[in-house]
Amino acid sequence: MNFSLLSTMLLALALSFVCLFSVGHAQELSGNARVSALFAFGDSMLDTGNNNNLRTLTKCNFFPYGRDFAGGKATGRFGNGRVFSDLIAEGLSLKTLLPAYRDPNLSNNDLSTGVCFASGGSGLDERTASSQGVIWVTDQVKDFKEYVTRLNGVVGEQTNALISNAVYLISAGNNDLAITFATGRAQSTISDYTDLMVTWTDNLLKSLYDTGARKFAVLGTLPLGCLPGARDAAGNFLKVCAYPANQWADTFNKKLAAKLNNLGTTLPGSKFVYVDMYNSLLDLINNPQASGFIDAADGCYMPTISPVPCPDASRYVFWDIGHPSEKSYQTISPKIIEELKEKLA
């Protein structure tokens, strides 16, 4: 078996089954612009616990996940502490933690400042979600519509304004490339499959727009070939990034950015920001010492190698074989938050 095939197989493992081993007020953005809430859709970059009660192996509600979270609690977040959606919510002065919509203990008091609908392991392709028993993005939109009904019972006539002034944070595509395409289920070329992914993204955004959404922040995929799971392939003793997977991600990201640039002209009143997660994270990977990291190739917690995580996750770019550490999210988020404030005003 060649290195490329092994690396993609490990990449699929990294992003899906990694865990098998082990009422508020609107906030000021700038000037007279306001953001009322944050809603997150997509995958494990944003999931804050929606998989906890699903019949799936793709969940992280156990130690050592959440080791650096308040109280050392494993909440179902795919990391050592808070995840990207939490930091964006905090950066927009909404809340420090974005609760999972499917948390049975979700309080009505949390509804008006935003919740998370994302599901670890999910994607744009229905096959990506169904193969793991997680929540497909289309079903996440159904959850959102259910949420709107519940919200209306809490805030009444303020509902429409709250929905239209909220920011919609979306991360979808990582698992489609790393799982469905990499394992051959897509039965397509990368060019054709990424075209499909962009079409699915377009459909997702329009379905949210039709529900009242207007402000969108859409994440590009990570540099998938540089995830520890892709580097840690048999025969890859130097742990170099897997070029094919990075090329897939780059192909999709370029098409996604172009689509978002055009959507604002076709959907009246809408605003779109493309969030460049690929280069934001690649900068840390290529120059980790500049941000205080000592290791960008390995994860702090590598369950396929050792059941014992590293002593200090803040020194690692990655927490595990497929997810950035909380420190990485904290490092890249300030610049992104400022862009959201500027462009979604």
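What you are looking at is a predicted structure, and each value in this text was computed from that prediction instead of being measured.

A. Spatial organisation of the state of the cysteines. Under the definition given, this model contains 2 disulfides. Between the sulfur atoms of Cys226 and its disulfide partner Cys241 the distance amounts to 2.1 Å. Between Cys226 and Cys241 the sulfur-sulfur dihedral comes to about 110 degrees; the bridge is accordingly right-handed. Within this pair, whereas Cys226 is found in the loop between strand E5 (215–219) and helix H9 (228–231), its partner Cys241 is found in the loop between H9 and helix H10 (243–266), the two being separated by 15 residues in sequence. With relative accessibility at 2%, the residue Cys226 sits in the buried group. Look at Cys241 and you get partly exposed, because its relative accessible area is 26%. In this model, Cys300 is linked to Cys310 through a disulfide, with the two sulfur atoms separated by 2.0 Å. The chirality of the disulfide connecting Cys300 with Cys310 is left-handed, given an S-S dihedral of about -105 degrees. Here Cys300 is found in the loop between strand E7 (295–299) and strand E8 (316–318), whereas its partner Cys310 is found in the loop between E7 and E8, with 10 residues between them in sequence. By relative accessible area, Cys300 is classed as buried at 5%.

B. Geometry of the side chain of Asp125. When you line up the elements, Asp125 lands in the loop between helix H3 (108–111) and helix H4 (126–130). For Asp125, the contacting residues outside a window of four places in its chain are Trp136, Asp176, Thr180, Tyr193 and Trp200.

C. Focus on the sheet that holds strand E4 (residues 167–171). Judged by pairing direction, the sheet is parallel, and its 4 strands sit side by side in the order E3-E4-E5-E6 without closing on themselves. At either margin of the open sheet sits one strand with a lone partner, and together these are strand E3 (38–42) and strand E6 (271–275). This sheet shows a mean twist of 20 degrees between the axes of neighbouring strands, independent of strand direction. Contacting E3 and E4, helix H5 (residues 137–155) crosses the sheet at an angle of about 155 degrees to E3.

Conventions used here
Residues numbered from 1 in each chain as written. Predicted model: local features only at pLDDT ≥ 70, side-chain atom pairs only at ≥ 80, totals over all residues. Heavy atoms only, no water. Disulfide = S-S within 2.5 Å. Helix = DSSP H or I, 4+ residues; strand = E, 2+ residues; numbered from the N terminus. Buried < 20%, exposed > 50% of the residue type's maximum accessible area, 1.4 Å probe, protein only. Contact = heavy atoms within 4.5 Å. Pairing = 2+ DSSP bridges. Axes fitted to C-alpha atoms, helices over the stretch in contact; angles between N-to-C directions.

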